[in-house]
Amino acid sequence: MQPRSESDLSEAVASAYAAKTPLEIVGGGTRRTLGGPVQAADTLSTAGLSGITLYEPGALTIVAQAGTPLAEVEAALKAENQRLPFEPMDHRALLGTEGEPTIGGVVAANVSGPRRFQVGACRDSLIGVRYVDGQGTAIKNGGRVMKNVTGYDIVKLMAGSYGTLGVLSEVSFKVLPDTAHSSVLLFEGLSDVDAVACMCAAMATPYEVSGAAHLPVGMDGAPVTMLRLEGFEKSVAYRAGELAKALAHFGTPKVESDPDKTAAGWRYIRDVEAFAGQPGDVWRVSVKPTDGPKVAAAVGAQGVVYDWSGGLVWLLVGEGTDIRPALAGIAGHATLIRASASTRAAIPAFHPEAAPLAKVTAGLRAQFDPAGILNPGRMG
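Residues numbered from 1 in each chain as written. Predicted model: local features only at pLDDT ≥ 70, side-chain atom pairs only at ≥ 80, totals over all residues. Heavy atoms only, no water.

## Thoughts on the packing of aromatic side chains
Note on aromatic pairs: each is described by the distance of the centres and the angle between the planes.
Part 1 of the argument: Going through the model one piece at a time under the given rule, you end up with three aromatic pairs.
Part 2 of the argument: An angle of 35° between the planes, with centres 5.7 Å apart, marks the rings of Phe86 and Phe173 as tilted. Taken together, the residues span a long stretch of sequence, with Phe86 in the loop between strand 5 (82-83) and helix 3 (92-95) and Phe173 in strand 8 (residues 167-174) at a distance of 87 residues. Exposure class is identical for Phe86 and Phe173. Each is buried.
Part 3 of the argument: Lying across the ring of Tyr17, Lys20 places its NZ or CZ 4.5 Å from the centre. (Phe/Tyr/Trp six-rings, centres within 6.5 Å; stacked < 30°, edge-to-face > 60°. Helix = DSSP H or I, 4+ residues; strand = E, 2+ residues; numbered from the N terminus. Buried < 20%, exposed > 50% of the residue type's maximum accessible area, 1.4 Å probe, protein only. Lys NZ or Arg CZ within 6 Å of the ring centre and 35° of its normal.)

Structure follows, in structure tokens:
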């Protein structure tokens, strides 16, 4: 099913509710394998709900239907020298999927990138949604301007709900001006522990680092630690010099300012390109930055990528490996991102919730989707 309007979407979901027919909700299909395997008889695609319905550059606000290609949204923003603040990841290379990522899919999975620790996640830029609940009722929540925060909690709930609370039909974002210039400080040869110490030290300076990542095996095979600075060219040059001085005890960094090279480097981090096409399962672990190296050591991963100053750890491990027991005693959560269907069926994709939180989650789903027809199994 591919509705072309919100009313068609409501009718489709209402019919499924009446017949108690489970639905798999998809957008462009590029993140379809995230989460647990969906047990559904039919597929409902939001790809037919496409188009930017409102864009007010002066108000830093954009509204688009859920099936609008992400590339279309980003192109419209770029034409006005603006951008989505949270730098959404493209999962296609990592997951081996095809299709076109949609803005609704970005919201449904709360997809963010390397800039997340500076500006917040997708949900922090989301200011309004329209969606259809599990009974086929169309609901509007939030607003189209930053000062309108009516129902903001519901807006945040929809981000990262993976289509289990409702089917998005329209989303509204606050956006930010794009940056004029970017430079990256590259420290070579640091151990994981020293790299995290370097990144944390950088974050403690006033120089507004907007990206902090470490590759134990860089594109040339050697360890590299990356610190990004953005803004006006003279400001970036000054901050790069001062940051290099502040971190001199970690070595003398190279400074890369070529726009194509810096963009490619952060795409490599954002999209975890190091693991693309590599055999094995991929896990995403969120911890406090200083625990990042402990995670990698405890798991004994085949590959590691550190982002968010060490607080986000991507791990490549052997197929069918549940890493959670090895991480007992390290506070955080581990999400299975890429694995075979059999592994996804055997190992919960999302970190088990504490009993009180699980009770709240179950209550919310019962209210939003009383028949349990929206993406059943996805949050497993």
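## Notes on the environment of Ile337
Part 1 of the argument: As for its placement among the helices and strands, Ile337 is situated in strand 17 (residues 333-338).
Part 2 of the argument: Its relative accessible area of 7% is what places Ile337 among the buried residues.
Part 3 of the argument: With 292 residues separating them in the primary sequence, Ile337 and Ser45 have C-alpha atoms 22 Å apart.
Part 4 of the argument: Among residues more than four places away in sequence, those in contact with Ile337 are Thr33, Leu34, Leu94, Leu95, Val282, Trp283, Arg284 and Trp314. (Contact = heavy atoms within 4.5 Å.)

## Structural notes on the pattern of salt bridges
Pairing between side chains of opposite charge can happen when the charged atoms of each approach one another.
Part 1 of the argument: Applying the stated rule across the entire model yields 14 salt bridges.
Part 2 of the argument: Between Arg83 and Glu230 there is a salt bridge whose closest N-O contact spans 3.5 Å. You can see Arg83 sitting in strand 5 and its partner Glu230 sitting in strand 12 (residues 224-231), a full 147 residues away along the chain. The same class applies to Arg83 as to Glu230, namely buried.
Part 3 of the argument: Lys254 is the partner of Glu188 in a salt bridge, and the nearest nitrogen-oxygen pair spans 3.4 Å. One end of the pair, Glu188, is in strand 10 (residues 181-188); the other, Lys254, is in strand 13 (residues 254-256), with 66 residues separating them in the sequence.
Part 4 of the argument: Given a relative accessible area of 46%, Glu188 falls into the partly exposed group.
Part 5 of the argument: Salt bridges sharing common partners tie together Arg83, Glu87, Arg115, Asp178, Arg228 and Glu230. (Salt bridge = Lys/Arg side-chain N within 4 Å of Asp/Glu carboxyl O.)

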